[in-house]
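One-letter residues, chain by chain:
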Amino acid sequence: MLQQTQVATVIDYYNRWMQKWPTLQALAEASLEEVNELWAGLGYYSRGKRLQEAARKVVSELAGQMPRTAEDLQKLLPGVGRYTAGAIASISYGQATGVVDGNVIRVLCRLRCIGADSSSPPVIDRLWAMANALVDRSRPGDFNQALMELGATVCTPKAPLCGECPVKQHCRARLRVEKELALASRKLLGKLPVVPDVEDCGVGGCPLCPPAAELWDSSLGVTNFPRKAAKKQPRVEQTATCVLERRGRRGALEYLIVQRPSSGLLAGLWEFPSVPLAPGLQQEQQREVLVDHLQAWAGQPVAAGSLRFIGEVVHVFSHIHQTYVVYSLSLDGDVTLDLASSPSRWVTEEEFRASAVSTAMKKVLRACERQRGEESGPATGSKRKRGAKPGAAGSTRPGTQLSLRTFLRAPNPP
Ligand code: SF4
């Protein structure tokens, strides 16, 4: 839970998780649906899924015994990488093995003036070798936590507190800053020549040094380290989404949600019927793609004009910049659609919020509710049609629910 999320956010999730599944055995018996419901909002859903798979494996294949070394943890349990394995083995089982997370990378790169791309294999290998060599043999768990804490609280990314740092006398980045300052004042006083020191970073072809072309930036001080490769831009994608609504038996508004496939992005989560869009489509073309999708899914013709455009909702996943082009469609009566292609169900708003739905889908529902709220606000003169451009073909009156016959009616010929 903590790998990409802040502690303050995680606490509530962690407490609820431990209350529900206090033992590996209890977690092993949970369904993916339950795990997704509890994980909803944390992101990186595959982590919850793997955690549950790992619990199942420990219970069914390892006689209920957790592996106790970093090597076995990484080899035997799904979702356990090098860092997690090292952290569990040292903190829980006292194995003298190091850990390398973002905080440790920063501390070690500064301590040793490692200026090459900190995600490159030679740097990563060196950092793990250092962490394994440094770890205290008698209290490995405490040592690893202290090193991570040092990075989180003292050797911070932007404003490290070098003056208060307990390892400042060992820190080469700090030494380098002092040397650079001395050099700058000598230059200022005209005391040249400036001959590169063979021990300085950037001289020679060392895979741990910054490239010779990347000059020392004196305004950055110790934060010249670590260096990161330019961040990959997230992929830009668009998805058309339809919020299908109806009045349930007790008069409450209900929404139709469908389940995503059990693998891939947001595996097993529930969402409003959605379809990916090819780049460069005009709004009307996007609407047609969505209509085709609903048609194929319902096995009936759908009238394109029945869909009401709500707006666009942007959600940024770690590697995808996703824009949802949101439509809504109101149905009336006790509708039974042929939904053989994917599991689906009608939910009230409360049930929707308690379901395993992504944060993105919650944003989509909020956009629809906002639209509805604007429409039901105090009327001043004539109201505009919801989300529709003035005069848009086939738009419905605000608040009007469609009959199933209208919904499934073949579109008018052009
Ligand atoms: Fe980090 Fe400064 Fe300590 Fe060096 S002296 S480890 S740069 S806080």
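All figures in this text were calculated on a predicted structure; none of them were measured in a lab.

Q: Any details on the overall build of the protein chain? Residues and values, ideally.
A: Along its length, the protein chain carries 14 helices and seven strands. When the 414 residues of the protein chain are sorted by exposure, 40% land in the buried category. Once local pairs closer than 6 in sequence are excluded, the contacts in the protein chain between residues at least 24 apart make up 63%. Accessible area of the protein chain: about 22800 Å², with a carbon and sulfur share of 54%.

Q: Quick rundown of the site of the ligand? Include the residues and the values.
A: Near the ligand, the surroundings consist of Arg-110, Cys-155, Cys-162, Cys-165, Lys-168, Cys-171, Arg-174 and Val-222. Class assignment for the residues of the shell around the ligand results in five nonpolar, no polar and three charged.

Q: Account for the environment of Ser-218, naming residues and giving values.
A: You can see Ser-218 is positioned in the loop between helix 10 (172-188) and strand 1 (235-247). Among the residues examined, Ser-218 registers a relative accessible area of 62% and is labelled exposed. Through-space distance from the C-alpha of Ser-218 to that of Glu-180 is 7.5 Å; in sequence the pair is 38 residues apart.

Q: Outline the packing of helix 1 (residues 7-20) against helix 3 (residues 32-39), listing residues and values.
A: Contact geometry for helix 1 and helix 3: axes closest at 10 Å, N-to-C directions at 150°. By the angle class used here, helix 1 and helix 3 are roughly antiparallel. Note on element contacts: helix 3 touches helix 1 through Glu-34, Val-35, Leu-38 and Trp-39, opposite Tyr-13, Arg-16, Trp-17 and Lys-20. Of the residues assigned to the contact of helix 1 with helix 3, the class counts are five nonpolar, no polar and three charged.

Q: Before we move on, could you go through unusual backbone geometry and cite the residues and values that matter?
A: A cis amide bond links Phe-225 to the next residue, Pro-226, at an omega of -5°. Its place among the elements puts Pro-226 in the loop between helix 10 and strand 1. Phi is positive for Leu-266, close to 55°, though the residue is something other than glycine. Mapped onto the secondary structure, Leu-266 falls in the loop between strand 2 (253-259) and strand 3 (270-271). The class of Leu-266 is buried, set by a relative accessible area of 9%.

Q: Talk me through the confidence of the model for the protein chain; I want residue IDs and the actual numbers.
A: Of the residues in the protein chain, 85% have a pLDDT of 70 or more, and the chain-wide mean is 85. Across residues 379-414 the pLDDT falls below 50, and counting only partners more than four positions away or on other chains, this stretch makes 67 contacts in the model.

Q: Lay out the pattern of salt bridges with the relevant residues and their values.
A: One pass over the full model with this rule turns up 13 salt bridges. As a salt-bridge pair, Arg-260 and Glu-271 come within 3.0 Å of each other at their nearest N and O atoms. Taken together, the residues span a long stretch of sequence, with Arg-260 in the loop between strand 2 and strand 3 and Glu-271 in strand 3 at a distance of eleven residues. Residues Glu-284 and Arg-287 are paired through a salt bridge, measuring 3.6 Å at the closest nitrogen-oxygen approach. Of this pair, Glu-284 and Arg-287 both sit in helix 11 (residues 283-298), separated by three residues, roughly a single helical turn. Because the salt bridges share partners, they merge into one network encompassing Glu-349, Arg-353 and Glu-369.

Q: I'd love a proper account of the packing of helix 7 (residues 102-111) against helix 9 (residues 140-153), names of residues and values included.
A: Packed helix pairs are characterised by how far apart their axes lie and by the angle those axes make with each other. Packing of helix 7 against helix 9 leaves a shortest axis separation of 8 Å and a crossing angle of 80°. Of the possible angle classes, the one that applies to helix 7 and helix 9 is roughly perpendicular. Every residue of helix 9 that contacts helix 7 at Asn-103, Val-104, Arg-106 and Val-107 is listed here: Leu-147, Met-148, Leu-150, Gly-151 and Ala-152. Classifying every residue of the contact of helix 7 with helix 9 gives six nonpolar, two polar and one charged.

Q: I'd like to hear about the pairing of strand 2, residue by residue, with values.
A: The element strand 2 is largely enclosed, with a buried count of six among its seven residues. Relative to strand 2, strand 1 is paired through three bridges, and the arrangement is antiparallel. In the strand pairing of strand 2, Arg-247 is matched with Leu-253. Examined bridge by bridge, strand 2 and strand 7 (residues 344-348) share five bridges and lie antiparallel to one another. Bridged to Leu-256 within strand 7 is Trp-346. As judged from the two bridges shared by strand 2 and strand 3, these two strands associate in the antiparallel manner. Among the inter-strand pairings, Val-258 is bridged to a residue of strand 3, identified as Glu-271.

Q: An account of helix 6 (residues 82-93) is needed here, citing residue identities and associated values.
A: Taking 1.5 Å of rise per residue, the twelve residues of helix 6 would be expected to cover 16 Å, and the 16 Å separating its terminal C-alpha atoms lies within 8% of that figure. Every buried residue of helix 6 is listed here: Thr-84, Ala-85, Gly-86, Ala-87, Ala-89 and Ser-90. Buried residues along helix 6 sit against helix 5 (70-76) and helix 9. Downstream of helix 6 by a residue or two, Gly-94 has a phi angle that is positive, lying close to 70°.

Q: Break down the side chain of Lys-362 for me, citing the residues and quoting the values.
A: By the secondary structure assignment, Lys-362 is in helix 13 (residues 359-376). No salt bridge is formed by the buried Lys-362, whose closest oppositely charged neighbour, Asp-12, lies at an N-O distance of 10 Å. The residues contacting Lys-362, other than those within four sequence positions of it, are Ala-40, Phe-352, Arg-353 and Val-357.

Q: Explain the environment of Gly-280 to me, using residue names and the numbers behind them.
A: Residue placement: Gly-280 occurs in the loop between strand 4 (274-277) and helix 11. When the C-alpha positions of Gly-280 and Gln-238 are compared, they lie 9.7 Å apart, and in sequence the two are 42 residues distant.

The rules behind these values
- Residues numbered from 1 in each chain as written.
- Predicted model: local features only at pLDDT ≥ 70, side-chain atom pairs only at ≥ 80, totals over all residues.
- Heavy atoms only, no water.
- Helix = DSSP H or I, 4+ residues; strand = E, 2+ residues; numbered from the N terminus.
- Buried < 20%, exposed > 50% of the residue type's maximum accessible area, 1.4 Å probe, protein only.
- Contact = heavy atoms within 4.5 Å.
- Areas by Shrake-Rupley, 256 points an atom, 1.4 Å probe, with all protein chains shown as cover.
- Near = heavy atom within 4 Å.
- Nonpolar A, V, L, I, M, F, W, Y, C, P; charged D, E, K, R; others polar.
- Axes fitted to C-alpha atoms, helices over the stretch in contact; angles between N-to-C directions.
- Parallel < 35°, antiparallel > 145°, perpendicular 65-115°, else oblique.
- pLDDT = per-residue confidence, 0-100.
- Salt bridge = Lys/Arg side-chain N within 4 Å of Asp/Glu carboxyl O.
- Pairing = 2+ DSSP bridges.
- Expected span 1.5 Å × (residues − 1).
- Lys, Arg positive; Asp, Glu negative; His and termini not counted.

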